[in-house]
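Chain residues, written in single-letter form:
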Amino acid sequence: MTLLDKTKLFVKQELENAEGGHDWFHIERVYKNSLLIAQNEECNLEVVQLGALLHDIADAKFHDGDETIGPKIARTFLENENVNETTIQHVINIIENISFKGGNFEKKFNSKELEIVQDADRLDALGAIGIARTFNYGGFKNRALYNPEIVPNLNMTREEYKNSEAPTLNHFSEKLLLLKDKMNTETGKKIALERHLYMENFLSQFYAEWDGER
């Protein structure tokens, strides 16, 4: 069995009981998006593949906000598979720097491989699947769909973003609609724009139905 096959099997097992928007199928979509973007970029494909597969191995929001668990699990797995330290550290850097974190987070590491996996991950937060994942997570957290009296907060600190209990619809303004302007690659930007427009149409319909206009 190849390292890639072992990694896929490991991730499937680790995320067997994960919330629907952060499960194996999310990882698989990000992996496929990463391969699509990587076709047009000069990169280390193995790092891209491993980074995509392990980027959400232990999402901090499901571990009391602890952002160290994911990198530790990934490192242990890769070391057990005798992956070289340079590759391991690159994958760890991707895991540690991929997240949006309210948009108020400066990356401490940059690489083409991170840009590719980050774009792939952000694409899965956009479009039809992005909408489905957003409401799935909102339901998981028992949040209101929408409350016109609670306006989106576009200037949240990292801690405020992490601990927000705002209605699900606010997440569109606070994160999802901002992503198209934060993409790194030309392929990512093109796909993000298409998915962004789809979300704008959804929101127009949502507000019209909410107000009884159609």
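Our subject in this report is the structure included herewith. (Residues numbered from 1 in each chain as written. Predicted model: local features only at pLDDT ≥ 70, side-chain atom pairs only at ≥ 80, totals over all residues. Heavy atoms only, no water.)

For the protein chain, the count of helices and strands is ten helices and zero strands. Going from the N terminus to the C terminus, the protein chain shows its helices and strands as α-α-α-α-α-α-α-α-α-α. The globule rule puts the C-alpha radius of gyration for 214 residues at 17 Å, and the 17 Å found for the protein chain is close to it. For the protein chain, the C-alpha atoms occupy an extent of roughly 60 × 35 × 30 Å along the three principal directions. In the protein chain, which comprises 214 residues, the proportion classed as buried is 47%. Here the analysis covers contacts within the protein chain between residues at least 6 apart in sequence; of these, 64% occur between residues at least 24 apart. (Helix = DSSP H or I, 4+ residues; strand = E, 2+ residues; numbered from the N terminus. Rg over C-alpha atoms; globule rule 2.2 N^0.38 Å. Buried < 20%, exposed > 50% of the residue type's maximum accessible area, 1.4 Å probe, protein only. Contact = heavy atoms within 4.5 Å.)

In this section: the packing of helix H2 (residues 24–38) against helix H3 (residues 45–54). The geometry of H2 relative to H3 is characterised by a closest axis approach of 8 Å and an angle of 155° between their N-to-C directions. By the criterion of interaxial angle, the relationship of H2 to H3 is roughly antiparallel. Judged by the sense of rotation from one axis to the other, the crossing of H2 with H3 is right-handed. Side by side, H2 and H3 meet where Trp24, Ile27, Val30, Tyr31, Ser34, Leu35 and Ala38 of the first sit next to Leu45, Val48, Gln49, Ala52 and Leu53 of the second. (Axes fitted to C-alpha atoms, helices over the stretch in contact; angles between N-to-C directions. Parallel < 35°, antiparallel > 145°, perpendicular 65-115°, else oblique. Left-handed = near helix turned anticlockwise from the far one by under 90°.)

Under the criterion given, the structure shown has eleven aromatic pairs. Relative to Phe172, the ring of Phe135 lies with its centre 6.0 Å away and its plane at 45°, an arrangement referred to as tilted. Residue Phe135 is found in helix H7 (residues 127–140), and its partner Phe172 is found in helix H9 (residues 170–174); the two are separated by 37 residues along the sequence. Both rings, one in Phe206 and one in Tyr207, keep their centres 6.0 Å apart while their planes meet at 90°; by these two values the pair is edge-to-face. Looking at Phe206, the relative accessible area reads 14%, which means it is buried. On the accessibility criterion, Tyr207 (33% relative accessible area) is partly exposed. Each residue in the set Phe135, Tyr146, Phe172, Phe202, Phe206, Tyr207 and Trp210 is aromatic and connected to the rest through ring pairs, giving one cluster. (Phe/Tyr/Trp six-rings, centres within 6.5 Å; stacked < 30°, edge-to-face > 60°.)

So, on to the side chain of Thr185. The residue Thr185 is located in the loop between H9 and helix H10 (186–210) in this model. Given a relative accessible area of 1%, Thr185 falls into the buried group. Among the polar contacts listed, one links the side chain of Thr185 to the side chain of Asp119, at a separation of 2.7 Å. Those residues in contact with Thr185, other than ones at most four positions away along the chain, are Ile37, Glu41, Glu115, Ile116 and Asp119. (Polar contact = N/O pair within 3.5 Å; in protein donor to acceptor, adjacent residues only side chain to side chain.)

What follows deals with the nonpolar core. Core analysis: the largest hydrophobic core is formed by 46 residues, its most contacted members being Val11, Leu54, Leu78, Leu123 and Phe172. Elements represented by at least two residues in this core include exactly helix H1 (3–14), H2, H3, helix H4 (69–80), helix H5 (85–97), helix H6 (112–123) and H10. Sequence-distant contacts of Leu123, that is, excluding residues within four places in its chain, are made with Asn33, Ile37, Met183, Gly188, Ile191, Ala192 and Arg195. (Core = buried A, V, L, I, M, F, W, Y, C linked by side-chain atoms within 4.5 Å.)

Turning to H5, a few remarks are in order. Because an α-helix packs 3.6 residues into every turn, residues spaced three or four apart end up facing the same way. Under the 1.5 Å per step criterion, the end-to-end length of H5 is 18 Å for 13 residues, consistent within 8% with the ideal 18 Å. Taken as a whole, H5 has its buried residues at Thr87, Ile88, His90, Val91, Ile92, Asn93, Ile94, Ile95 and Asn97. Buried residues along H5 sit against H3, H4 and H6. The opening residue of H5, the one whose side-chain oxygen lies 3.2 Å from the backbone nitrogen of Thr86, is Asn84. (Expected span 1.5 Å × (residues − 1).)

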